[in-house]
Amino acid sequence: MSTHLVLSSVIFVSIALILVGVFLLTKYLGPNNTQDKLKNTVYESGVSNPVGTTNIRFSIKFYLVAIGFLLFDVEIIFMFPWAVNIVDLGYAGLVKMFIFIGLLFAGLIYMYKKKALSWD
(Lines give C-alpha, C1' and ligand atoms only; values in the text may rest on other atoms or scores of the structure.)
Protein backbone atom coordinates (compact mmCIF):
# COMPACT_ATOMS: atom_id res chain seq x y z
CA MET A 1 0.00 0.00 0.00
CA SER A 2 1.20 3.48 -0.76
CA THR A 3 1.74 6.05 1.95
CA HIS A 4 -0.81 8.37 0.34
CA LEU A 5 -3.52 5.73 0.61
CA VAL A 6 -2.69 5.01 4.24
CA LEU A 7 -2.58 8.71 5.10
CA SER A 8 -5.91 9.42 3.41
CA SER A 9 -7.50 6.42 5.14
CA VAL A 10 -6.23 7.57 8.54
CA ILE A 11 -7.55 11.09 7.91
CA PHE A 12 -10.94 9.75 6.79
CA VAL A 13 -11.32 7.48 9.81
CA SER A 14 -10.19 10.19 12.22
CA ILE A 15 -12.68 12.71 10.79
CA ALA A 16 -15.45 10.10 11.08
CA LEU A 17 -14.52 9.40 14.72
CA ILE A 18 -14.38 13.12 15.52
CA LEU A 19 -17.85 13.63 14.01
CA VAL A 20 -19.31 10.72 15.96
CA GLY A 21 -17.70 12.08 19.12
CA VAL A 22 -19.09 15.57 18.56
CA PHE A 23 -22.60 14.18 18.00
CA LEU A 24 -22.40 12.15 21.18
CA LEU A 25 -21.06 15.12 23.15
CA THR A 26 -23.91 17.37 22.03
CA LYS A 27 -26.39 14.89 23.43
CA TYR A 28 -24.83 15.11 26.89
CA LEU A 29 -23.62 18.74 26.90
CA GLY A 30 -26.56 20.34 25.11
CA PRO A 31 -29.79 21.53 26.69
CA ASN A 32 -32.39 18.97 27.67
CA ASN A 33 -35.89 20.35 27.06
CA THR A 34 -37.97 17.32 27.93
CA GLN A 35 -39.84 19.15 30.72
CA ASP A 36 -40.64 22.34 28.79
CA LYS A 37 -43.98 21.70 27.06
CA LEU A 38 -44.19 25.14 25.44
CA LYS A 39 -40.91 24.69 23.59
CA ASN A 40 -41.88 21.24 22.37
CA THR A 41 -45.24 22.30 20.88
CA VAL A 42 -45.78 22.59 17.14
CA TYR A 43 -45.40 26.07 15.64
CA GLU A 44 -45.65 26.43 11.91
CA SER A 45 -46.37 29.57 9.90
CA GLY A 46 -47.73 31.46 12.88
CA VAL A 47 -50.24 28.76 13.82
CA SER A 48 -49.52 27.39 17.27
CA ASN A 49 -52.48 25.00 17.41
CA PRO A 50 -52.71 23.09 14.11
CA VAL A 51 -56.15 21.96 12.98
CA GLY A 52 -56.67 18.55 11.45
CA THR A 53 -54.37 15.62 10.96
CA THR A 54 -50.90 15.50 9.49
CA ASN A 55 -51.63 12.37 7.46
CA ILE A 56 -52.69 14.11 4.24
CA ARG A 57 -52.68 11.97 1.11
CA PHE A 58 -51.40 13.61 -2.04
CA SER A 59 -52.57 12.56 -5.47
CA ILE A 60 -50.15 10.45 -7.49
CA LYS A 61 -50.43 13.05 -10.26
CA PHE A 62 -48.55 15.48 -8.04
CA TYR A 63 -45.60 13.10 -7.95
CA LEU A 64 -45.79 12.41 -11.68
CA VAL A 65 -45.65 16.13 -12.47
CA ALA A 66 -42.74 16.55 -10.03
CA ILE A 67 -40.77 13.70 -11.63
CA GLY A 68 -41.50 15.07 -15.08
CA PHE A 69 -40.31 18.50 -14.01
CA LEU A 70 -37.09 17.05 -12.62
CA LEU A 71 -36.53 15.03 -15.79
CA PHE A 72 -36.89 18.03 -18.07
CA ASP A 73 -35.05 20.31 -15.66
CA VAL A 74 -31.99 18.06 -15.66
CA GLU A 75 -31.86 18.21 -19.45
CA ILE A 76 -30.82 21.86 -19.15
CA ILE A 77 -27.77 20.77 -17.15
CA PHE A 78 -26.62 18.74 -20.16
CA MET A 79 -27.50 21.41 -22.71
CA PHE A 80 -25.43 24.27 -21.21
CA PRO A 81 -22.01 22.58 -21.62
CA TRP A 82 -23.03 21.49 -25.10
CA ALA A 83 -23.95 25.07 -26.02
CA VAL A 84 -20.62 26.35 -24.70
CA ASN A 85 -18.56 23.76 -26.62
CA ILE A 86 -20.65 23.55 -29.78
CA VAL A 87 -17.84 24.75 -32.02
CA ASP A 88 -15.38 22.19 -30.64
CA LEU A 89 -17.87 19.32 -30.88
CA GLY A 90 -18.71 19.92 -34.54
CA TYR A 91 -21.39 18.06 -36.45
CA ALA A 92 -21.03 14.90 -34.36
CA GLY A 93 -21.94 16.85 -31.21
CA LEU A 94 -24.86 18.45 -33.02
CA VAL A 95 -26.23 15.07 -34.11
CA LYS A 96 -25.80 13.62 -30.61
CA MET A 97 -27.64 16.57 -29.07
CA PHE A 98 -30.48 16.20 -31.58
CA ILE A 99 -30.75 12.53 -30.60
CA PHE A 100 -30.79 13.52 -26.90
CA ILE A 101 -33.47 16.16 -27.47
CA GLY A 102 -35.44 13.70 -29.60
CA LEU A 103 -35.43 11.13 -26.79
CA LEU A 104 -36.60 13.77 -24.33
CA PHE A 105 -39.31 14.84 -26.74
CA ALA A 106 -40.41 11.20 -27.06
CA GLY A 107 -40.62 11.06 -23.25
CA LEU A 108 -42.74 14.21 -23.26
CA ILE A 109 -45.09 12.69 -25.85
CA TYR A 110 -45.30 9.52 -23.73
CA MET A 111 -46.19 11.57 -20.65
CA TYR A 112 -48.82 13.44 -22.65
CA LYS A 113 -50.39 10.23 -23.99
CA LYS A 114 -50.47 8.71 -20.49
CA LYS A 115 -52.22 11.92 -19.36
CA ALA A 116 -49.62 12.56 -16.68
CA LEU A 117 -49.76 16.26 -17.47
CA SER A 118 -53.53 16.70 -17.14
CA TRP A 119 -54.60 17.88 -13.73
CA ASP A 120 -58.18 16.75 -13.09
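Residues numbered from 1 in each chain as written. Predicted model: local features only at pLDDT ≥ 70, side-chain atom pairs only at ≥ 80, totals over all residues. Heavy atoms only, no water.

Details of the packing of helix H2 (residues 60-84) against helix H3 (residues 86-113)
For the pair H2 and H3, the least separation of the axes is 10 Å and the interaxial angle reads 170°. With respect to H3, the axis of H2 lies roughly antiparallel. Packed against H2, whose contacting residues are Leu 64, Gly 68, Leu 71, Phe 72, Glu 75, Phe 78, Met 79, Trp 82, Ala 83 and Val 84, the element H3 presents Ile 86, Leu 89, Gly 93, Leu 94, Met 97, Phe 100, Ile 101, Leu 104, Gly 107, Leu 108 and Met 111 at the interface. Split by residue class, the contact of H2 with H3 holds 17 nonpolar, 3 polar and 1 charged. (Axes fitted to C-alpha atoms, helices over the stretch in contact; angles between N-to-C directions. Helix = DSSP H or I, 4+ residues; strand = E, 2+ residues; numbered from the N terminus. Parallel < 35°, antiparallel > 145°, perpendicular 65-115°, else oblique. Contact = heavy atoms within 4.5 Å. Nonpolar A, V, L, I, M, F, W, Y, C, P; charged D, E, K, R; others polar.)

Brief notes about the confidence of the model for the protein
Averaged over every residue, the pLDDT of the protein is 83; residues scoring 70 or more account for 88%. In the model of the protein, H2 stands out as the element of lowest mean pLDDT, 83, in contrast to helix H1 (residues 3-29), which has the highest, 93. (pLDDT = per-residue confidence, 0-100.)

Structural notes on the side chain of Glu 75
Its place among the elements puts Glu 75 in helix H2. Buried and without a salt bridge, Glu 75 has Lys 96 as its closest oppositely charged side chain, separated by 18 Å. Discounting residues that sit within four places of it in the chain, Glu 75 has contacts with Phe 100 and Leu 104. (Buried < 20%, exposed > 50% of the residue type's maximum accessible area, 1.4 Å probe, protein only. Lys, Arg positive; Asp, Glu negative; His and termini not counted. Salt bridge = Lys/Arg side-chain N within 4 Å of Asp/Glu carboxyl O.)

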